[in-house]
Amino acid sequence: MSLDKLIQNCINKDVQAQSQLYKQYASKLFSLCLKYSKNYAQAEDNLHDAFITIFNKIEQYNNKGSFEGWLKRIAINTSLQRYRQDVGVYDIVNEDHIEDVSVVINDDNVSIDFLLKIIQELPDRYRLIFNLYVLDGYSHVEISELIQISTGTSKSNLARARKILKEKIETYNASSNSQSI
């Protein structure tokens, strides 16, 4: 079935079409939800809520941009909405005191699995902003609008996330080098 036909059938509340759409995109959207969730169970809840929104608003998709991009935006927004409900209050941070931290990765020593693990271990707010900025390409202005914080707070949290990651990578590299000696 073509994507246009699948979308039209979902608009018409065809349960088989909804099931097919779910099967086709659930794994991609779940990995996205996992990036913005505290844990696996919350990611599952966010995915469920995202698909409810998708099926309730699918008639609003107007063929501008990719359909998958539209789905991803809903999954991200659903996860961010849950995050805003859980967190509530944000600190205001002075941008002048933000230190830019670069992270150098030795590809031979650091696996993708390790990187994903340490990103997932970041405090929720830092992980959220790191993922939005570094992995998904959002600007600090966009992040500030999405999660209702100042751009300074976004920049500060990104710098702190990078600092934590840098420290963990340096510790990992040091332990790897000492084991190989």
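- Where an unreviewed UniProt entry is consulted, the chain appears under the name RNA polymerase sigma factor, with the organism given as Winogradskyella marina.
- Under Sequence similarities (unreviewed entry), UniProt gives the following word-for-word description of the chain: "Belongs to the sigma-70 factor family. ECF subfamily."

**Let's talk about the nonpolar core**
And step 1. Judged by nonpolar contacts, the single largest core of 47 residues is most densely connected at Leu21, Leu29, Phe51, Ile54, Phe67, Leu132 and Ile147.
And step 2. Elements that contribute at least two residues to this core include exactly helix H1 (3–11), helix H2 (15–35), helix H3 (40–57), helix H4 (67–87), helix H5 (112–120), helix H6 (124–135), helix H7 (140–147) and helix H8 (151–180).
And step 3. Tallying contributions element by element places H2 first for this core, with eight residues.
And step 4. If we skip the residues at most four places from it in the chain, Ile54 touches Leu21, Leu29, Trp70, Leu71 and Ile74.

**Some words on the packing of aromatic side chains**
And step 1. As enumerated under the stated definition, the model contains eight aromatic pairs in all.
And step 2. A centroid spacing of 4.7 Å and a plane angle of 55° characterise the contact between Tyr22 and Phe51, whose relative ring orientation is tilted. Highlighted residues: Tyr22 in helix H2 and Phe51 in helix H3, separated in sequence by 29 residues.
And step 3. Judged by relative accessible area, Tyr22 falls into the partly exposed class, the value being 39%.
And step 4. Where Phe51 meets Phe55, the ring centres are 5.7 Å apart and the plane angle is 40°; that geometry is what we call tilted. Remark: Phe55 and Phe51 occur in helix H3; sequence separation between them is four residues, near one turn of the helix.
And step 5. By relative accessible area, Phe51 is classed as buried at 4%.

Parameters at a glance
- Residues numbered from 1 in each chain as written.
- Predicted model: local features only at pLDDT ≥ 70, side-chain atom pairs only at ≥ 80, totals over all residues.
- Heavy atoms only, no water.
- UniProt positions renumbered as here; feature names shortened; annotations may be inferred.
- Core = buried A, V, L, I, M, F, W, Y, C linked by side-chain atoms within 4.5 Å.
- Buried < 20%, exposed > 50% of the residue type's maximum accessible area, 1.4 Å probe, protein only.
- Helix = DSSP H or I, 4+ residues; strand = E, 2+ residues; numbered from the N terminus.
- Contact = heavy atoms within 4.5 Å.
- Phe/Tyr/Trp six-rings, centres within 6.5 Å; stacked < 30°, edge-to-face > 60°.

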